[in-house]
Every structure is written in C-alpha cells, then in structure tokens.
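Read off the chains here:
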Amino acid sequence: MRRMSVGRTVCWVLLFVLLIVTLFPFYWMLRTAFSDNTQLPGHPSSLLPVESTLGAFKRVLGLATIEEAQAQGGSGAAVNFWLYLRNSLVVATVTTVCQVFFSAMAAYAFARLRWPGRDKVFALFLAALMVPPIFTTLPNFVLIKNLGLLNSFAGIILPGAFMTPFAIFFLRQFFLGINRELEEAAMIDGAGHRRIFFGLIIPMSAAPIATLAILTYINSWNDYFWPLLVGQQENVRVLTVALGVFRSQTPQGGPDWAGLMAATLIAALPMIILFLAFAKRITNSIGFSGIK
Amino acid sequence: MTATTNAPPTRKRSHGESAAPPGKRRSLGDLKVAMIFLAPATLGFVVFYIWPTLRGAYLSFTEYSLLSAPKFNGLANYERMVQDSFFWNALVVTVEYVVINIGVQTVLAVAIAMVMYRLTKSITVRAIILAPYLVANVVVALVWYWMLDFQVGIVNQGLGWLGIDPVAFFGDSHWAIPTVAGINVWRHMGYTALLVFAGLQMIPAYVYEAAEVDGSTEWKTFWRITLPLLRPVLVMVLVVTMIGSFQIFDTVAVTTQGGPINATRVIYYYIYERAFTRFDFGYASAMALVLFAILAIVSLVQLRLLRAKESDLA
C-alpha cells in the first residue's frame, strides 16, 4: 500500500476528468433531446434541458403532425423511428443467432474433431481477417444486387449470417480448453457428435457463447456501411442508416438539434441498456478480443 | 478402408497421445462429421469472403458500371490512379487521420491504463471508459457534430468562457481532420486502454518489487521496465487499431461528407463515392486493392516488430 502522495491525488483528478469527458456527451445528448428546439439557441450552455418537453421524441417517433413538427423546428419530413427500431432488431437478432450458431458448429469441427487438413483450413479462415471489408464489400454488393436482394432483410443479413473468422476463432479457443475425458465418457455411453455438441460443448461454453453473442449483437446493431449500401428503402432501413438520412433532412439554417439528439438517443438506448446489463462480461472480454 | 473409417471413433480421439502412430487407418478421422459441422460456415466463407476477394481482384482490371458486364481493360485503372490527384489527396488525408488518431489515442490509452492500474481495479470505472466504444459510430459522430457546432455547440461556448474565438471544427479545412480524428479518439481510447490494462496485468509483480528495491523512481520504472515489457501488447494493439483507423468512413459520412474542399475525403469515402455515386466499380475495386496492399504491408511490418520483441518477457 502506497501512501497518499501528491502524485496519487493528481492521478485521481485525472481519472475523474476522464470519466467526465467520457460521460458528458451522453448527458448532453439526453439534455438536448428533452429540450424545446426553438428555445435551444437562446440557452446554448444551459446544463438542464431548455423548456423541457417530449416534443422531440414525438416528432421522431411520428407521433406529431407535420405542422406541430415544423413549429418545433423539425423538418416535417416523414420519419418513423419505430419502424427503424424494428428493422434494427430484426437484422441484429437474426444475424447474431445465425452467426453465433454456425460459428460454434465450425469451431467444434476445428477444436474437437480430427481430420486431415484441419489446421490448414483453419489458417485459411483466419487469413480472411486480413482482407479489409471494403474490398469484399464491392463484389458482395454486386452479388446481392444480382440475386435481386437489394433492399431486403436477406440482403442485409446474409453476408454476416454464416460466420465471421473472429467468431470461429473466439469460440475455438474455449472449445479447445474443454476436458476431453468428459467427451469420451459420453461417447462410451453412445452419444454421437450431435449430442456431444448440443448436450456437452454448448452448455459448458455458455459464458463465452453469451459474450460472443453480445459483442456480435452490438456490432450488428451499430453497423452502418453495409446496410447503407443495400438497405436504403424505408421498409428495411435500420437505425444507423435512418440517423444519417434524418441528419441530412434536418434544415440547414436552424437544424433540429433536439430531434436529432432524440433520434440518436433512441438508436443508442438499446445498446446502453444491453451494456448496463452485461457491463462486467463485456468489459472482461476486451483483453481477449484484442490480444489474440 | 471404408470399414475402418466407420468404426467407433472413440479410440481415435485420444489426441495423439495413444501409442499407435498416425497411419493410414485413421487418417480420415472425423472428416465426415467435420464436413457437416463446417458446411454452413464454409458456405458463408466461400460465398462472402473467398469469392468476392477473387472477384474484387478481377474487377480491378475492368471497366464496370454495374449496368453491363465488366469489360477487361488491363492496367488502365491503375494508370488512372497514379494520375488521379483526388486519389493521392485521399491517401494523404487518410494518413494524416491515422497518424493523429493513433498517436493521440495510444498515448492517452497508455496513460489511462497506467492510472487505472495504479489507482483502481474497479469494474465500474473500466465499464464507463468503455461505454463510447459500444455505441454506433454514427451516434458518436452526431453527438459530437452537435457539441462542436460553430454557433451553439457547447464546446465553442466553453472556449468562449476562456476567451477563445469559436472554431469551425468541421468547416475549417485545417481543423476538419483533427476534429474527426479526435472524435474517434474519444470513442476508442477506453477500449485501447483496456487492452493495455490487460497487458499491464500480465507483467509479473516481482519485476516491480525488484525495481523498488533498487530504488528506481516511478518515472524511471515506467520508461525502463513497464514500457519495454508492454511492447508486445502495444504492437498488437497498434496492428488492430491501425487497420481499423485506415478504414474510417462512418464519421466522415455523417459529418463532413468529404468536405470542406476535400479536406476529409479519406480513401474509404473516396472509394465509396466512386463506386456508389458514380458507379465506377472497376476503378473503386482497384483503389480497394491498393488499400488492401497497404494494410497488408502495415500489418506485416508491425508483426515483424512483434516477433522481434518476443524475447522481452523471457
């Protein structure tokens, strides 16, 4: 135990400043979202919401009439974040369930089965991590377009649904650590690979699978580039893309800042809730994901 | 042969520890089962990774507007690239971004990790600094777009109290790239700090105890012991974050859209514009291939550095 020194006090102050810098933008988003947009410019540095109102949220969720929206500084353009929220839920959920499940199957084949060429095939899968997304994105766009899947959920979901090299790598690490004797005992009892996979490996790896699922969900929810390319139409537009559209619709002279922040908050809120629920698990996984 | 492959696999699975040498009899092992388990992942891998990689390489030698079949035109795209001042500008801007982003982020992350390591192992603190990393780039970009607004943004209000003239963070071509880089430092520094923090925890305590016995000051200990021992971790972190930051797109797309006067037209954004607003797919693919090559070189160099470092912890 070190004594309380000047250095330590300075460090505590720095840490405190860091936490403020980290949290303040989130607070500012909240404060602005609950403000009245027409009053905002008059009180740019008020710490509390200016003339607090739910107007911005109503506007963004399509609950206000066009006249009301315009009176409050909105663009009056039709936006409906309920729809985009639903679309994001569909995309992130289907992507996560499929990707984690299929990656787990592949990880099982790489970690628990013995077959010729296994390590070479695994190396090939890992090598794909090197290819920058933009390089595969262009031909993938052509493919999705040729398949007639532009502006469909299938088009948005398919490229990520089967696997990512990282997901397989992540799960393989955990599967490798599972004790082989349990598996052999199950085999002597007559269990096949399917039963070992579902009845033994998956339950024993519930924690890493859950961690991977959460990370996948967050990534999928936050993805912007791919859904921007293939999911432009309203009926499949996800929240991130909708935010970009909303931002470009907002009037240039006096932007609808309150509406923009309300929309931003709606887009971020599910991730913030997910994070509050699983903060420890996510935080503890960071050391793993970076240092391989 | 066929009979033996169908035999119960129990014996074969003893992970090579068994006395029997691996021979022809067991060479196929669990191949059949493995093929079933690998089928979906392989399908995705071939269709959305391998095939597009090959096709992308091919498209880079063609003229292709999405409307008719790609027309092979040899090295024309690459010749054009050499003469394209927008391309070179995009490269310069991207490198500027990467240097600022990685430089500031790495220094801050090491500092944050050190402070956390010495003061608190609190999971709450770690969770809070990670929070920005978990919200979408687009969300982060919009929040800062608002906070950095020229007229009513809170940052310029704060500068005003300090007697500093407001800064057009996104509108001034000198400030635009540092601003975009700064926003992403805010988003990523906690994540990077946690990676470094994990590295710090791997340094054995006796090293520090020995340093203390020798009367080394905190500062000296940091420069002579902590930092050298962190090198493998730092190189790994640099590989991961540098590859990521070369691909900056989202922040630019929702804030400056390449402006003002090309000041933030980074390579990723330029490729996107070429492909999806001008439908110049062949040329865009060629630029993507060059970006691919740059990233491969960067990571190879960095991994070489990493290998050179392996002796450090021994």
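Model, not experiment: these values are computed from the prediction.

Conventions adopted
For every chain, the first residue of the written sequence is number 1, and numbering continues from 1 along that sequence. The naming scheme follows written order: chains are lettered A onward, ligands numbered 1 onward. Local features in a predicted model are, by the rule used here, given only for residues with pLDDT of at least 70; side-chain atom pairs are given and counted only at 80 or more, and totals for whole chains, interfaces and linings are based on all residues. Computation of side-chain values: all heavy atoms of the structure, hydrogens and water removed. Working definition: rings of Phe, Tyr and Trp (its six-membered ring) pair if their centres are within 6.5 Å, and the pair is stacked with planes under 30 degrees apart, edge-to-face with planes over 60 apart, and tilted otherwise. Placement of a charge over a ring requires the Lys NZ or Arg CZ to be within 6 Å of the ring centre, with the centre-to-atom vector within 35 degrees of the ring normal. Side-chain atoms within 4.5 Å are what join buried Ala, Val, Leu, Ile, Met, Phe, Trp, Tyr and Cys residues into a set we call a nonpolar core. Exposed residues in this analysis have more than 50% of their type's maximum accessible area, buried residues have under 20%, and partly exposed residues fall in between, with area computed by a 1.4 Å probe over protein chains only. For each domain, the first and last residues come from an automatic or database assignment. What makes two residues a contact is simply this: any of their non-hydrogen atoms within 4.5 Å. UniProt positions are given in the numbering used here, feature names are shortened, and annotations may be inferred rather than shown by experiment. A run of H or I in DSSP becomes a helix once it reaches four residues, and a run of E becomes a strand once it reaches two; helices and strands are each numbered from the N terminus.

**As for the packing of aromatic side chains**
Turning to step 1, where the next piece is worked out: Within this structure, the stated rule accounts for 50 aromatic pairs over all chains.
Turning to step 2, where the next piece is worked out: Taken together, the ring pairs connect Phe-141, Tyr-224 and Phe-225 of chain A together with Tyr-64, Phe-249, Tyr-268, Tyr-269, Tyr-272, Phe-276 and Phe-281 of chain B into an aromatic cluster.
Turning to step 3, where the next piece is worked out: Cation over ring: Arg-31 of chain A sits above Trp-28 of chain A, and NZ or CZ is 4.0 Å from the ring centre.
Turning to step 4, where the next piece is worked out: Geometry around Tyr-283 of chain B places Arg-80 of chain B over its ring, the cationic atom sitting 3.8 Å from the centre.

**Comments concerning the nonpolar core**
Turning to step 1, where the next piece is worked out: Phe-81, Ile-168 and Phe-175 of chain A together with Val-139, Phe-249, Ile-271 and Phe-281 of chain B are the most contacted members of the largest nonpolar core, which has 202 residues in total.
Turning to step 2, where the next piece is worked out: Here this core gathers at least three residues from each of two domains, domain 1 (28-77 + 248-274) and domain 2 (90-230) of chain A.
Turning to step 3, where the next piece is worked out: Contact partners of Phe-175 of chain A, with chain neighbours within four places excluded, come to Ala-104, Ala-107, Tyr-108, Ala-111, Arg-112, Ile-201 and Ser-205 of chain A.

**Examining the UniProt feature "transmembrane region" (unreviewed entry) in chain A**
Turning to step 1, where the next piece is worked out: Within this numbering scheme, the UniProt entry marks residues 12-30, 89-110, 122-144, 156-175, 196-218 and 257-279 of chain A as carrying the feature "transmembrane region" (unreviewed entry).
Turning to step 2, where the next piece is worked out: In residues 12-30 of chain A, helix accounts for 100% and strand for 0%; the two terminal C-alpha atoms are 27 Å from one another.

**A few points about the UniProt feature "transmembrane region" (unreviewed entry) in chain B**
Residue and element names in this part refer to chain B.
Turning to step 1, where the next piece is worked out: Summarizing the sequence annotation, UniProt attributes the feature "transmembrane region" (unreviewed entry) to residues 33-51, 86-115, 127-147, 189-208, 229-249 and 281-301 in the numbering used throughout.
Turning to step 2, where the next piece is worked out: For residues 33-51, the helix share is 100%, the strand share is 0%, and the end-to-end C-alpha distance is 25 Å.
Turning to step 3, where the next piece is worked out: The distance separating the terminal C-alpha atoms of residues 86-115 is 43 Å; by composition the span is 100% helix and 0% strand.

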